[in-house]
Amino acid sequence: MHIENPFYSSIQTPYTQTNMAPVANMQRKEIGDQAIWTLSSAKTGNGVDQLRDDNLNTFWQSDGTQPHYITIQFLKKMRVQEVALYLDFKQDESYTPNKLSIRTGTNIQDMKEVQFIELKEPYGWYVFALKTKLLNGQEKPYVSTINIQIVVLQNQHSGKDTHIRQVKIFGPREKQNQGLSFPDFKTPEITQYASIR
């Protein structure tokens, strides 16, 4: 039996579309390599390796009935900030996802939908922000989860199998002095002493 955490609930947030690949920066890091990836099905030569190879010419192709699943399982609870997918309707046509669900949970049995997305002939990178809304009205810019599931509910033009070209999972970058009570000095007078010669 799953009991809802009384302190927070996940909320839907909009996505952003870009032609530039999302990359790690000062605020986020790619954490997909810290997880175990499984697929509901895959054609030979079109599996997890192709989803994660940073090559937009390769793709995962499902080989079974809908819905199609990508399950990302971390070994411990992780903070997940964004899920990014590269989709290409121009090349993949009816293989391109139309309706997607992003689900999170501590195990496969308690997965909860945190995003439902409907896309019309998508092309490029789609970045889905995952946030947690606290009961006091504030938001955290991530969800804490062990499992993420990307579910393809329907393809463009009612296609059977699906193509997803790339998937990236981002978590917030932790501050170096987290847990310590050092102030975050940024003035030139202080930062000139940041390193020893």
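Residues numbered from 1 in each chain as written. Predicted model: local features only at pLDDT ≥ 70, side-chain atom pairs only at ≥ 80, totals over all residues. Heavy atoms only, no water.

- Named according to an unreviewed UniProt entry, the protein is Anaphase-promoting complex subunit 10 originating from Paramecium octaurelia.
- Taken directly from UniProt, the Function (unreviewed entry) text for the protein runs: "Component of the anaphase promoting complex/cyclosome (APC/C), a cell cycle-regulated E3 ubiquitin-protein ligase complex that controls progression through mitosis and the G1 phase of the cell cycle."
- Word for word, the UniProt comment on the protein under Sequence similarities (unreviewed entry) is "Belongs to the APC10 family." (UniProt positions renumbered as here; feature names shortened; annotations may be inferred.)

## Looking at the packing of aromatic side chains
Item 1. In this structure the tally under the stated criterion is four aromatic pairs.
Item 2. With centroids separated by 5.6 Å and ring planes inclined at 55°, the aromatic side chains of Y15 and Y126 adopt a geometry described as tilted. In this pair, Y15 sits in strand β2 (residues 15-18) while Y126 sits in strand β10 (residues 123-129), placing the two residues 111 residues apart along the sequence.
Item 3. Residue classification places Y15 among the partly exposed positions, given a relative accessible area of 37%.
Item 4. You can call Y126 buried: its relative accessible area is 8%.
Item 5. Where Y86 meets Y123, the ring centres are 6.4 Å apart and the plane angle is 65°; that geometry is what we call edge-to-face. Within this pair, whereas Y86 is found in strand β7 (residues 82-88), its partner Y123 is found in strand β10, the two being separated by 37 residues in sequence.
Item 6. Judged by relative accessible area, which is 33%, Y123 ranks as partly exposed.
Item 7. Through pairs of rings, three or more aromatic residues link up here, namely Y15, Y126 and F128.
Item 8. Between the NZ or CZ atom of R28 and the centre of the ring of F170, over which it lies, the distance is 4.4 Å.
Item 9. Taking NZ or CZ as reference, K90 lies 4.2 Å from the ring centre of Y123, over its face. (Phe/Tyr/Trp six-rings, centres within 6.5 Å; stacked < 30°, edge-to-face > 60°. Helix = DSSP H or I, 4+ residues; strand = E, 2+ residues; numbered from the N terminus. Buried < 20%, exposed > 50% of the residue type's maximum accessible area, 1.4 Å probe, protein only. Lys NZ or Arg CZ within 6 Å of the ring centre and 35° of its normal.)

## A closer look at the side chain of D161
Item 1. Along the chain, D161 turns up in the loop between β13 (143-155) and β14 (163-164).
Item 2. Among buried Asp, Glu, Lys and Arg side chains, D161 stands out as unpaired, with K160 the closest opposite charge at 4.6 Å.
Item 3. Within the local environment of D161, its side chain forms a polar contact with the side chain of S62, the two groups lying 3.2 Å apart.
Item 4. Ignoring anything within four residues of it in the chain, the contact list for D161 reads K43, S62, D63, G64, H68, S94, Y95 and N155. (Lys, Arg positive; Asp, Glu negative; His and termini not counted. Salt bridge = Lys/Arg side-chain N within 4 Å of Asp/Glu carboxyl O. Polar contact = N/O pair within 3.5 Å; in protein donor to acceptor, adjacent residues only side chain to side chain. Contact = heavy atoms within 4.5 Å.)

## Examining the pairing of strand β11 (residues 131-134)
Item 1. Sheet topology places β11 next to strand β12 (residues 139-140); two bridges connect them, and they run antiparallel. If you follow T132 over to β12, its bridge partner there is K140. (Pairing = 2+ DSSP bridges.)

## Structural notes on the pattern of salt bridges
Item 1. One pass over the full model with this rule turns up seven salt bridges.
Item 2. A salt bridge links E82 to R28, with the shortest nitrogen-to-oxygen separation between them at 2.5 Å. Of this pair, E82 sits in strand β7 while R28 sits in strand β3 (residues 28-30); the two residues are 54 residues apart in sequence, bridging distant segments of the chain.
Item 3. Each of the salt bridges in this network shares a partner with another, and the network as a whole consists of E30, D33 and R52.

## Thoughts on the environment of K131
Item 1. Along the polypeptide, K131 turns up in strand β11.
Item 2. Classification of K131 by relative accessible area gives partly exposed; the value is 29%.
Item 3. Between the C-alpha atom of K131 and that of V80, which follows or precedes it by 51 residues, the distance is 8.6 Å.

## Topic: the sheet that holds strand β9 (residues 112-118)
Item 1. Strand order in the open sheet made by the five strands is β4-β6-β13-β8-β9, with antiparallel pairing throughout. Strand pairing shows two members of the sheet lacking a second neighbour, β4 (35-39) and β9, which therefore form its edges. Within the sheet, the average angular offset between the axes of one strand and its neighbour, ignoring direction, is 15°.
Item 2. Alignment of strand β6 (residues 68-80) against β13, held across nine bridges, turns out to be antiparallel. What sits directly across from H68, in β13, is V152. (Axes fitted to C-alpha atoms, helices over the stretch in contact; angles between N-to-C directions.)

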